Amino acid sequence: MTREEKAIVIQDLTSQLAENSTIYLADISGLNAVQTSDLRRACFKADVKLAVVKNTLLAKAMEASEKEFGELPGVLKGNTSLMFSEVGNVPAKLIKNFRKKSDKPLLKGAFVEESVYIGDENLDALVSIKSKEEMIGEVIGLLQSPAKNVISGLKSGGGKLAGILKTLSER
């Protein structure tokens, strides 16, 4: 690879790092062709971009990036695959689900919404991260519950103020 080709790859990686707020680094070495194909298919279905990168080029792209990756460049040893996703927990769920059949991929580290996670022991924490849509759904559900109580209290109170107050005080 020539110096110009490396510069182009670094520039492409830098722009991908800038465009994505969820970046996972995984080790998929040791997977056979069928397992690798299955992993790529699972990534495609989950809308996760998977790319194998050269560690030195990725490290230079991380340096050139405006994001603060903390200790993440330190895990760039051995084979490294990048996983990009719009949702913070999707790659973690994909890795965990895939490991039911195989001992790989291993999580090297992750950059999720400006937080850095190092090591495979953080996989369960990353799986439990809620997406923005999940959080909004939970907040709406929590806000609807008191409103439903008031409405049901109004209906069961018979329409009289004393009945409504009695029903609401019981709940």
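Please read all numbers here as calculations on a predicted model, not as lab measurements. (Residues numbered from 1 in each chain as written. Predicted model: local features only at pLDDT ≥ 70, side-chain atom pairs only at ≥ 80, totals over all residues. Heavy atoms only, no water.)

**Thoughts on helix H2 (residues 33–45)**
Short version of the rule: Per the convention used, a helix needs a DSSP run of H or I reaching at least four residues, while a strand needs a run of E reaching at least two, with both numbered from the N terminus. Under the convention used throughout, the expected extent of a helix is 1.5 Å for every residue step, that is, one less than its residue count. Pairs of N or O atoms are called polar contacts if they sit within 3.5 Å, as long as, within protein, a hydrogen donor faces a hydrogen acceptor (for residues adjacent in sequence, only side-chain-to-side-chain pairs).
End to end, H2 covers 18 Å across 13 residues, agreeing with the expected 18 Å (1.5 Å per residue, within 8%). Backbone nitrogen of Val34 and a side-chain oxygen of the N-cap are separated by 3.1 Å at the start of H2; the cap is Asn32. Following H2 by one or two positions, Asp47 adopts a phi angle in the positive range, close to 60°.

**Things to note about the pattern of salt bridges**
Put simply, the rule is: We count a salt bridge whenever a side-chain nitrogen from Lys or Arg sits within 4 Å of a carboxyl oxygen from Asp or Glu. Working definition: with a 1.4 Å probe on protein chains only, accessible area under 20% of the residue-type maximum means buried, over 50% means exposed, and in between means partly exposed.
One pass over the structure, following the stated rule, counts four salt bridges. Where Lys96 meets Asp124, a salt bridge forms, and the shortest distance between an N and an O atom there is 2.5 Å. Of this pair, Lys96 sits in helix H4 (residues 90–98) while Asp124 sits in helix H5 (residues 123–127); the two residues are 28 residues apart in sequence, bridging distant segments of the chain. Under the relative-accessibility criterion, Lys96 is labelled partly exposed at 38%. Where Asp120 meets Arg99, a salt bridge forms, and the shortest distance between an N and an O atom there is 2.8 Å. One end of the pair, Asp120, is in the loop between strand E5 (115–118) and H5; the other, Arg99, is in the loop between H4 and strand E4 (106–112), and 21 residues separate them in sequence. A relative accessible area of 24% places Asp120 in the partly exposed class.

**Brief notes about the pairing of E5**
Condition: For two strands to count as paired, DSSP must find a minimum of two bridges between them.
When E4 meets E5, the two strands line up antiparallel, connected through four bridges. In the sheet register, Gly109 faces E5, and the bridge partner there is Ile118. The hairpin formed by E4 and E5 contains two residues between the paired strands, and Glu113 there has a positive phi angle of roughly 50°.

**Focus: the nonpolar core**
The condition is simple: What we call a nonpolar core is a set of buried Ala, Val, Leu, Ile, Met, Phe, Trp, Tyr and Cys residues that are connected through their side-chain atoms within 4.5 Å.
Formed by 19 residues in total, the largest nonpolar core has its most connected members in Tyr24, Leu39, Cys43, Met83 and Leu126. For this core, the secondary structure elements donating two or more residues are strand E1 (22–27), H2, H4, E4 and H5. In terms of residue count, the dominant contributor to this core is H4 (four residues). If you look at the next biggest cluster of nonpolar residues, it comprises 18 residues, including Ile23, Val53, Leu76 and Phe111.

**Some points on the environment of Glu66**
Position of Glu66 among the secondary structure elements: in the loop between helix H3 (55–64) and strand E3 (80–85). Sequence-wise, Glu66 and Ala18 are 48 residues apart; in three dimensions their C-alpha atoms are separated by 7.4 Å.

**Quick word on the side chain of Ser65**
We count it as follows: Two residues qualify as a contact provided that any one of their heavy atoms is within 4.5 Å of a heavy atom in the partner residue.
Residue placement: Ser65 occurs in the loop between H3 and E3. Residue Ser65 is classed as buried on the basis of its relative accessible area of 11%. A distance of 3.1 Å separates the side chain of Ser65 from the backbone nitrogen of Lys67, its partner in a polar contact. Apart from the residues within four sequence positions on either side, Ser65 is in contact with Thr14 and Leu17.

**Considerations on the pairing of E1**
Taken across its six residues, E1 has six buried, putting it largely inside the fold. Because side chains alternate across E1, one face comprises the buried residues Thr22, Tyr24 and Ala26, and the other comprises Ile23, Leu25 and Asp27, equally buried. Relative to E3, E1 is paired through five bridges, and the arrangement is antiparallel. Paired with Leu25 across the two strands is Leu82, which belongs to E3. Pairing analysis gives six bridges linking E1 to E4, with the strands arranged antiparallel. Residue pairing across strands places Thr22 opposite Val112, the latter belonging to E4.

**Considering the sheet that holds strand E2 (residues 49–53)**
Note on sheets: strands pair through backbone hydrogen bonds, and any given pair is parallel or antiparallel. Put simply, the rule is: To obtain each axis, a line is fitted to C-alpha atoms, and for helices this fit is confined to the stretch in contact; angles are then taken between N-to-C directions over 0 to 180 degrees.
Taken in spatial order, the five strands line up as E2-E3-E1-E4-E5 in an open sheet, and their pairing is antiparallel. Each edge of the open sheet is held by one strand with a lone partner, namely E2 and E5. In this sheet, adjacent strand axes meet at a mean angle of 20° when their direction is disregarded. Contacts from H3 reach E1, E2 and E3 within the one sheet, and its direction differs from that of E3 by about 45°. Contacting E1, E3 and E4, H4 runs over the sheet at an angle of about 130° to E3.

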